[in-house]
Amino acid sequence: MAEQAPIKVFITGACAGLAEVRQALSTHPDIEIVGTAVEPGKADQKLAASGASIVLHGSARGDRLPAAEIESIRHATAAPIILVTSGAAGGLLGEALSAGIADVIMLPQLTDALVFTIQKTAAMVAARAAGPTMALRSSSSEGKVLTVFSPKGGVGKSVIATSLATQIARRCGRRVLLVDLDLQFGDVAIMMGVEPEKTIYDLVMTTGELDPEKLAGYVIPHASGVDVVPAPVRPEDAELVAEDRVGRLLDVAKETYDAIVVDTPAHFQATTLATLDRTDRLLLVASLDIPTVKNVKLTLQTLNLLHYPKDRINLVVNRNMSKADLDRKDVEKALELKIAFEIPGDREVGLALNRGIPVPMSAPRSAVTKAINEMADAFFERHAAKSLDAARKGAVKRPSFKLRKAA
Ligand SMILES: Nc1ncnc2c1ncn2[C@@H]1O[C@H](COP(=O)(O)OP(=O)(O)O)[C@@H](O)[C@H]1O
Ligand SMILES: [Mg+2]
């Protein structure tokens, strides 16, 4: 799904600043303007034929919904509509959303913010199309566990776990705990560039019951806002990290964090099983080569035996710079699972690793970051920059977490 083709945008209507928006978008690499029409009612054929994936409709009135014009657009295309207005849009947002408008943009606006809203809308539509069920909002307010797993080493689990955790914190404004359960060879601390002063070993070796306060004393804060629990420094300590303690760690973390991202080793261990029990989203990572696909198939069989719900599994294809290039359709057929996310190969990943900076912070404009952002947005709603600080301070209500079926 993470095809890098520009998003096709059709611009309708008129309002102050819309010409500037059009100008800015027309030169943006991620956007392709496929047409414009001041009066959508007179351009329905043009609109229908444009192949637009988003309609940006400008309305000078910020105080009421341009119902007739929206009707005309709907008539011509099923593409989501983003309303753009220069007027003071008092109660418009609520009204617009309940009328099925995807979003409302108040002008003036930075181009990046505009583009982001367009990308987010397109990603949401793609997410909906990818699964037979719509995104469900979890009823529970507990933190969600997202586990990154693959039966193969070197497919990019740790790159994905660190990048995703970073963006759920930065982009979605959530409280995120990143746990390295690759107990012997974990390199989350290195990838995040943090000193593993305390590790999961120290955490599970504490006496007495673990509680949120205790947990807080054992996490290592990262500049992104993510709290990190690194793998043990000495590989031999790995054995002492028992699964019941890991289970408890996750249970406690759910009380204080919105998202718990877990990186794992390339095989099932007792600790992995304890994690699976608590996993809301299993990101199963594969590269497009036969050995990996074969092992992923075996993993799916194992998960089935464990009665792990298939609808919580998201297949992630990571291109990983390898030459491997199996046909996606064949892979989906072999695994009986749709590819939920695809991450392109990018030299920036290696550079980021060497700097000890997570990819989204080292290469924010890279294709990999874009794919990771799509992933983050599929799980958590994005929050405006303003609410991000508030969310960190715990002042914002719990997030909505979107669970959607992968197959
Ligand atoms: N999308 C990507 N593009 C380029 N290189 C990647 C990508 N994903 C992973 N890599 C590279 O692959 C190697 C293995 O990644 P890593 O995340 O450590 O795998 P795992 O945790 O599955 O063992 C790293 O050297 C990393 O730089
Ligand atoms: Mg790893």
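Given the structure is predicted, the values throughout are model-derived calculations rather than measurements. (Residues numbered from 1 in each chain as written. Chains lettered and ligands numbered in written order. Predicted model: local features only at pLDDT ≥ 70, side-chain atom pairs only at ≥ 80, totals over all residues. Heavy atoms only, no water.)

1. Quick word on the packing of aromatic side chains
In plain terms, the rule: Each pair of aromatic rings taken from Phe, Tyr and Trp, with Trp reduced to its six-membered ring, is defined by centres within 6.5 Å and is described as stacked if the planes are under 30 degrees apart, edge-to-face if over 60, and tilted in the remaining cases. Numbering of helices and strands runs from the N terminus; a helix is a DSSP stretch of H or I covering at least four residues, while a strand is a stretch of E covering at least two. Working definition: with a 1.4 Å probe on protein chains only, accessible area under 20% of the residue-type maximum means buried, over 50% means exposed, and in between means partly exposed.
Taken as a whole and assessed by the stated rule, the structure comprises 2 aromatic pairs. Ring geometry for phenylalanine 149 against phenylalanine 268: centres 4.8 Å apart, planes inclined by 25°, an arrangement best described as stacked. With phenylalanine 149 in strand 7 (residues 144-149) and phenylalanine 268 in the loop between strand 11 (259-263) and helix 11 (270-276), this residue pair connects regions lying 119 residues apart in the sequence. On the basis of relative accessible area, phenylalanine 268 is assigned to the partly exposed category, the value being 29%.

2. What to know about the side chain of threonine 279
The test is simple: Whenever a nitrogen or oxygen atom comes within 3.5 Å of another N or O atom, the pair is scored as a polar contact, on the condition that within protein one atom can donate a hydrogen and the other can accept it, and that pairs from neighbouring residues in sequence are kept only if both atoms are in side chains. In this analysis, two residues are considered to be in contact whenever any of their non-hydrogen atoms come within 4.5 Å of each other.
Note on placement: threonine 279 falls in the loop between helix 11 and strand 12 (281-286). A relative accessible area of 0% places threonine 279 in the buried class. At 2.7 Å, the side chain of threonine 279 and the side chain of threonine 147 are in polar contact. In contact with threonine 279, not counting residues within four places along its chain, are Val145, Thr147, Tyr308 and Arg312.

3. Thoughts on the sheet that holds strand 4 (residues 81-85)
Rules: Here, a strand pair is defined by DSSP locating no fewer than two bridges between the strands. What counts as an axis is a line fitted to C-alpha atoms, over the stretch in contact for a helix, and the angles between N-to-C directions run from 0 to 180 degrees.
Spatially, 2-1-3-4-5 is the arrangement adopted by the 5 strands of the open sheet, whose pairing is parallel. Unpaired on one side and paired on the other, strand 2 (31-37) and strand 5 (103-106) mark the two borders of the sheet. Adjacent strand axes in the sheet meet at a mean angle of 25° when their direction is disregarded. Alignment of strand 4 against strand 5, held across 4 bridges, turns out to be parallel. By the bridge assignment for strand 5, leucine 83 is matched with valine 104.

4. With respect to the nonpolar core
Stated formally: In these notes, a set of buried Ala, Val, Leu, Ile, Met, Phe, Trp, Tyr and Cys residues joined through side-chain atoms within 4.5 Å is what counts as a nonpolar core.
Ranked by internal contacts, the top residues of the largest apolar core, which has 40 residues, are Ile168, Val261 and Met375. In this structure valine 261 touches Leu146, Val148, Ala161, Ala165, Ile168, Val176, Leu177, Leu178 and Val179, once residues within four positions along its chain are discounted. Grouped together as the second largest cluster of nonpolar side chains are 22 residues, Val145, Val229, Leu250 and Ile260 included.

5. Considering helix 10 (residues 243-256)
Every α-helical turn comprises 3.6 residues, leaving residues that sit three or four positions apart pointing alike. Note the threshold: Every helix has an expected span of 1.5 Å times one less than the residues it contains.
With 14 residues, helix 10 should reach 20 Å at 1.5 Å per residue; the first-to-last C-alpha distance of 20 Å fits that figure. Every buried residue of helix 10 is accounted for by Val246, Gly247, Leu249, Leu250, Val252, Ala253 and Lys254. Elements that come into contact with the buried residues of helix 10 comprise strand 7, strand 8 (176-180), helix 8 (200-205), helix 9 (212-216), strand 11 and helix 11.

Function cannot be read off these values alone, since they describe shape.
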